[in-house]
Every structure is written in structure tokens, then in C-alpha cells.
Amino acid sequence: MLVHGQHYRTIWENENGSGAVHIIDQCQLPHRFEIATLTTVAEAAEAIRGMRVRGAGLIGATAAYGMALAAREFGGDPAALAGAASMLTATRPTAVNLAWAVNRQLAAIAGAAEPAARIAIAWQTARGIADEDAAWCRLIGRHGLALIEQISREKGGAPVNVLTHCNAGWLAFVDYGSATAPIYAAHDVGIAVHVWVDETRPRSQGAKLTAWELGGHGVPHTLIADNTGGHLMQHGMVDLVIVGTDRTTRTGDVANKIGTYLKALAAMDNGVPFYVALPSSSFDWEMRDGLRGIPIEQRGGDEVKHADGWVDGRVVEVLVAPAATPAANYGFDVTPARLVTGFITERGCCAANEEAIIGLFPERA
Ligand code: MRU
């Protein structure tokens, strides 16, 4: 996507052949656009753990490049690569793209006998995963566009109001995003679309990242406090909800940023279609019961007790709650398949049940 008129992906290799990998440092957004450099697998792991890169697809692509960095760092040594895989996989538990990308790297590397070939294959695989992520998200945009087009027709061209939660935008992937891809596609073909952006406490990925992205692309949007969506739905002000997911079971249960479940309940109560946009890399094909099976990341309570913002040219963190108050910080929740209207994938749209999902991905039967 464009940033100040220049095309960026969220992760890319150094063009001068230095072997470094660059990322947009998302901890600095929206106030500063800064590019960071990763040269070791430990730096890649730290970037994921510290959420300088985040979002399912980008976590996967960063882990893939982390394995490539490790391959070079450790001369293709299989034991060291196994250690690197464990280090990367332990960084964040919920997004399945992480383990998916690491396992794909391990399988690819295992096919090569020589250290030099292992290193080359690891880089090739990382490039493949990044390119595929961008291509899949572009296709999600194409398939999701049809849904927005139909609502636009039904509304006689009046703006289609989409509500989204957290950031499943291009910053959460390599490019385009999942939930935002249909929105960008609609905007680009001239369909009037307006986005309600949930602020998404405690880390405020909606306020910081989704608002920044949509603004950068010229998409009309309005930032709302997290608890506003239900009210808007009751008053006919939301035509469609589109969210992303960090892990979706083969039966259609959806883990996404904390608060998604409440939006799905409100959408069901008000007859608002609730769609989840995802590339196939975010399906957990082994899992059937999301509520019991999906690991939910718990982060430090300080994220809940504090807020940060831009004051006099720098980011300042302030304490919001009494210092001694205990806080719990569940990162994700699970929306059961029965509350999901459908999925938007790179292969098209389908209902939220195993039969329909496998209909799109028969190789997973
Ligand atoms: O904790 P994060 O920022 O990595 O969480 C991921 C998200 O932004 C959301 O849960 C998103 O909606 C799904 S990831 C495409």
C-alpha cells in the first residue's frame, strides 16, 4: 500500500543484498513512520514478541524470514534451526500463521542435504510465504468486494457502513490486509464506503493502526470507543461487520482480538451480517473446538492500566487506573461459528461450517 505516495509492504529484504530484513516498526505508528532492521533470528523473535510486527499474516511472514536469518546465521545447521523454530514459535501463542510458517520452513529445509542449499531454500521459502500472503489478501479483496457491491446497490449507492475491530489491515499482513482488502477494493472502484473503527483497547490497534491506514488510503472512517458498536447496530448505522482472525478452526470458530465476540453477538441480535476475512494460512485444520482448543494469549496488566499518546513531539505513557489495582489482559476471544455469517477467503466466500469450508479447501478433507 502507499505511504506518502510510495509503495510499501510491511516486511521486505534489503535491496543492496546486505541480507537484512526491514519492517515497519508498528510500535511507532501512527505518530512516526519508522523502518527497523532485522539481522538475526533473535531480533525477528523480539520484533514479534514486542509487537513491532503483529497481525496473523505478518507474524507468519516475519517468522518465515526469522528462519531464513537463522539459516544464514547458523550456517544451515539443522540443530540450530530447530532451536530457532522453537524460539520463534514461543513468541505469541494465538495466531496459527506463526507455527504454520515455521513448520513450512522446517519441511522445506529438511528437503536439502547441503548447508548452502538449506540457506537458499529458507530464503526462497520466506519470499514465497510473503508473496503468497500479499496475493491471497488481494484475492480476499476481490471476493469481498462483491458483498459490498451488493449492499451498495441495495442502498442505491449511499455509503456502505462497515464496522471493523482491531487491525486486520495491510499492517497485519504483508500487503492489502484481510478485513480491509474488500474495503480498499470497494473504495478503489468508486463505491461509497465508510468504516466504523473500534479503538480496540488495550493496545488500541484500531485507533493507532486501522485509522492510520484508512486515512492514508483516503477511505472515510470514524473512530469509536470499543463499546459503541452495539448502539450503532441497533440504530441501523452498520450494514456489515468485517473482522480478521488469528486462528479459525476447521469447524468455523474464530479467534480474534478481544471484544470481537461481543460485536458478533450484537450483530446477530440486530440482523447485521458478520463476516470474517482470512487467508487459508489462518485456518487451524487440526482443530475442531475453538473455545476449548485455541490458546488465548494473556499479556501484562500494565497494558490495561496505562494509555499512551503523542505529547509535544513524543509518545508519553500515562497511568489511568489506581497503581495498585490488579488488571487482567486477555488478548483474544473466540466467536463460535454459529454467530458468523460467512468467511471471505482467497478462494471465495463460504458459510461458517466445516462442510462449506472444506468445500473451498477440499485438499483438507
Ligand atoms: O495482537 P495483534 O495486534 O497481533 O492481534 C491481531 C489483530 O490485529 C487482530 O486480532 C486481527 O483482527 C486479526 S490478525 C489479521
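Note: the structure precedes this text.
Below, the structure is looked at part by part. (Residues numbered from 1 in each chain as written. Predicted model: local features only at pLDDT ≥ 70, side-chain atom pairs only at ≥ 80, totals over all residues. Heavy atoms only, no water.)

## Things to note about the environment of Thr-200
Then comes step 1: Note on placement: Thr-200 falls in the loop between β7 (193–198) and α7 (205–216).
Then comes step 2: Thr-200 gets classed as buried once you look at its relative accessible area, which sits at 1%.
Then comes step 3: Residues Thr-200 and Ala-108, 92 residues apart in the sequence, show an inter-C-alpha distance of 37 Å.
Then comes step 4: Thr-200 has contacts with His-165, Cys-166, Gln-205, Gly-206, Asp-226 and Lys-257, leaving out every residue within four places of it along the chain.
Then comes step 5: At a separation of 2.8 Å, a polar atom in the side chain of Thr-200 contacts the main-chain carbonyl oxygen of Asp-198. (Helix = DSSP H or I, 4+ residues; strand = E, 2+ residues; numbered from the N terminus. Buried < 20%, exposed > 50% of the residue type's maximum accessible area, 1.4 Å probe, protein only. Contact = heavy atoms within 4.5 Å. Polar contact = N/O pair within 3.5 Å; in protein donor to acceptor, adjacent residues only side chain to side chain.)

## Considerations on helix α2 (residues 56–73)
Then comes step 1: Its 18 residues place the ends of α2 25 Å apart at the C-alpha level, agreeing with the 26 Å of an ideal helix rising 1.5 Å per residue.
Then comes step 2: Count one or two residues on from α2 and you reach Gly-75, which has phi positive near 55°. (Expected span 1.5 Å × (residues − 1).)

## Remarks on the nonpolar core
Nonpolar side chains tend toward joint burial in soluble globular proteins.
Then comes step 1: The biggest cluster of nonpolar side chains holds 40 residues, and the ones touching the most others in it are Ile-11 and Leu-88.
Then comes step 2: Among the elements that make up this core, the one with the highest residue count is α2 (twelve residues).
Then comes step 3: Setting aside chain neighbours within four positions, we find Ile-11 in contact with Val-21, His-22, Ile-23, Leu-58, Ala-61, Thr-62, Tyr-65 and Val-174.
Then comes step 4: One finds Val-3, Val-197, Val-219 and Ile-242 within the second-largest nonpolar core, a separate group that totals 34 residues. (Core = buried A, V, L, I, M, F, W, Y, C linked by side-chain atoms within 4.5 Å.)

## Concerning the packing of helix α5 (residues 115–154) against helix α6 (residues 180–188)
Then comes step 1: Closest axis-to-axis distance for the α5/α6 pair is 7 Å, and the angle between their directions is 65°. The angle between α5 and α6 places the two elements in the roughly perpendicular class. When the axes of α5 and α6 are compared, the crossing they make is right-handed. Contacts from Cys-137, Ile-140, Gly-141, Gly-144, Leu-145 and Ile-148 in α5 reach Ala-181, Pro-182, Ile-183, Ala-185 and Ala-186 in α6.
Then comes step 2: Of the residues in the contact of α5 with α6, the class split is nine nonpolar, two polar and no charged. (Axes fitted to C-alpha atoms, helices over the stretch in contact; angles between N-to-C directions. Parallel < 35°, antiparallel > 145°, perpendicular 65-115°, else oblique. Left-handed = near helix turned anticlockwise from the far one by under 90°. Nonpolar A, V, L, I, M, F, W, Y, C, P; charged D, E, K, R; others polar.)

## Regarding the packing of aromatic side chains
Then comes step 1: In this structure the tally under the stated criterion is ten aromatic pairs.
Then comes step 2: Measuring from ring centre to ring centre gives 6.3 Å for Trp-170 and Trp-212, while their planes differ by 35°; the resulting arrangement is tilted. Residue Trp-170 is located in the loop between β6 (160–164) and α6, and its partner Trp-212 is located in helix α7; the two are separated by 42 residues in the primary sequence.
Then comes step 3: Among the residues examined, Trp-170 registers a relative accessible area of 2% and is labelled buried.
Then comes step 4: In textbook terms, an aromatic cluster arises when at least three aromatic residues are bridged by ring pairs, as seen for Tyr-8, Trp-12, Phe-33, Trp-170 and Trp-212.
Then comes step 5: Lying over the aromatic face of Phe-332, Lys-257 brings its terminal NZ or CZ to 4.1 Å of the ring centre. (Phe/Tyr/Trp six-rings, centres within 6.5 Å; stacked < 30°, edge-to-face > 60°. Lys NZ or Arg CZ within 6 Å of the ring centre and 35° of its normal.)

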